[in-house]
Amino acid sequence: MLKKSLGFIAGFAVTLAVFAAGANLRPDHPDTYVVKKGDTLWDISARFLNKPWLWPEIWRANPQVHNPHLIYPGDVLNLAYDGSSTVLKLEPGIRASENAIPPIPLDQIKPFLKDFRILSADELEAAPYVMAFEDQHLRGTPGGFLYVRGSDAQPGARFAVVRPSHAYRVFSPGKDKEDRVGHMLDSNVDLYGGPWKEYTRGDGHWGKGDSLGVEVEVIGTAMVQRTGDPATFMLEDSSIEVRKGDRLLPVDNHPYDSMYYPHAAPSLPADARVIAYADALAYAGKLQVVALSVGSSDGIDNGSTFSIYHPGERVRDAVISSNSTFGSKVTLPDEFVGHVLVFRTFDKVSYALIMDSIRPVALGDTLELPQ
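Bear in mind the structure is a predicted one, so any value in this text is a computation, not a measurement.

What counts, and where the lines are drawn
Residues numbered from 1 in each chain as written. Predicted model: local features only at pLDDT ≥ 70, side-chain atom pairs only at ≥ 80, totals over all residues. Heavy atoms only, no water. Helix = DSSP H or I, 4+ residues; strand = E, 2+ residues; numbered from the N terminus. Buried < 20%, exposed > 50% of the residue type's maximum accessible area, 1.4 Å probe, protein only. Polar contact = N/O pair within 3.5 Å; in protein donor to acceptor, adjacent residues only side chain to side chain. Contact = heavy atoms within 4.5 Å. Salt bridge = Lys/Arg side-chain N within 4 Å of Asp/Glu carboxyl O.

All right, on to the side chain of R180 then. Within the secondary structure, R180 sits in strand 9 (residues 177–186). Classification of R180 as buried rests on a relative accessible area of 8%. At 3.0 Å, the side chain of R180 and the backbone oxygen of S293 are in polar contact. A distance of 3.0 Å separates the side chain of R180 from the side chain of D298, its partner in a polar contact. Those residues in contact with R180 that lie beyond four places of it in its chain are R169, V170, L212, R273, I275, S293, V294, G295, D298 and K348.

This is the structure:
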């Protein structure tokens, strides 16, 4: 009896997976696809499925797929028809190297990732800082000396050079409601009286609220040459010029996971949204990084995948209205924008890569669990 029950459960699970495959197939899907070196599971799945993050549930319908996260160059994905349903099947090919196709490999997306950290304002204030450059230069470039105050590190120690880029704050506009925002920072002490000027206009809060921490971006690495106050550092490399006021923190040799597995988060707080850009001013697009107003305290982890929606605008309906002069206001439906995948998570904030988009991603765009 037990064996029959187990057999029924297994068959039912396969039936559900087959049904899911048929329900989620793209209308323009190819009939077959041969896996090639350089493919990723997200890209391959997007050729067949409307929801590319669902490949584990769908490919489990194939008994020959022992691990739904592992397929190989030479494998063939076929669509089979049995008269009542559509089945996505995998036919293993010749596996000469056994190098599996990764879901979303670090080496392919690393150029688009940013090495961010979030510190408390006190931690950042206490961190060693750049005060001057070799030969009174205005900026620091690789190979030149940085003069750093607040460091007691010994010669040979390596540090990351970081620049504050956003201040994250939380507000309580109503009972049991939190509003998290990100304010851009400018750390150029040659232009401003303090090291971080916070841009607060346009968010309705004007810099008030409790701090969730300060975001810093790693912009280079430096090595201690001589101790003292100031100490002498040599700038080994940098993505941009180093400025006075930039901070130094211990090097993190593994800031990212080696691989990411997209999945839907179990839940999502209300009003979760995009609150900052990593490398954009007005809008962001595919393979750019955005900051989200959710983090590990909300149950979000690396690989969490969300749909992005642009909130519908409030417009006047002058056709049918009790006020024939101006018309009544109506909120338009939210519009789908694309998908983001979380790659680095902090307590209240996380960073995500835009995997695909049909329109630009804007600050304030909302997040929903992928359907």
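For the rest of this paragraph, the subject is the pattern of salt bridges. Considering all chains together, one arrives at eight salt bridges under this definition. E236 is the salt-bridge partner of R158, the closest N and O atoms lying 3.0 Å from each other. In this pair, R158 is assigned in strand 8 (residues 158–174) and E236 in strand 12 (residues 231–238), connecting sequence segments 78 residues apart. A relative accessible area of 37% places R158 in the partly exposed class. Accessibility expressed as a relative area gives 27% for E236, which makes it partly exposed. As a salt-bridge pair, R163 and D246 come within 2.8 Å of each other at their nearest N and O atoms. Separated by 83 residues along the polypeptide, R163 in strand 8 and D246 in the loop between strand 12 and strand 13 (247–250) bring together distant segments of the chain. Overall, the relative accessible area of 12% leaves R163 in the buried class. Classification of D246 by relative accessible area gives buried; the value is 0%. Three or more residues are tied together by salt bridges with common partners; here these are D115, D252 and R344.

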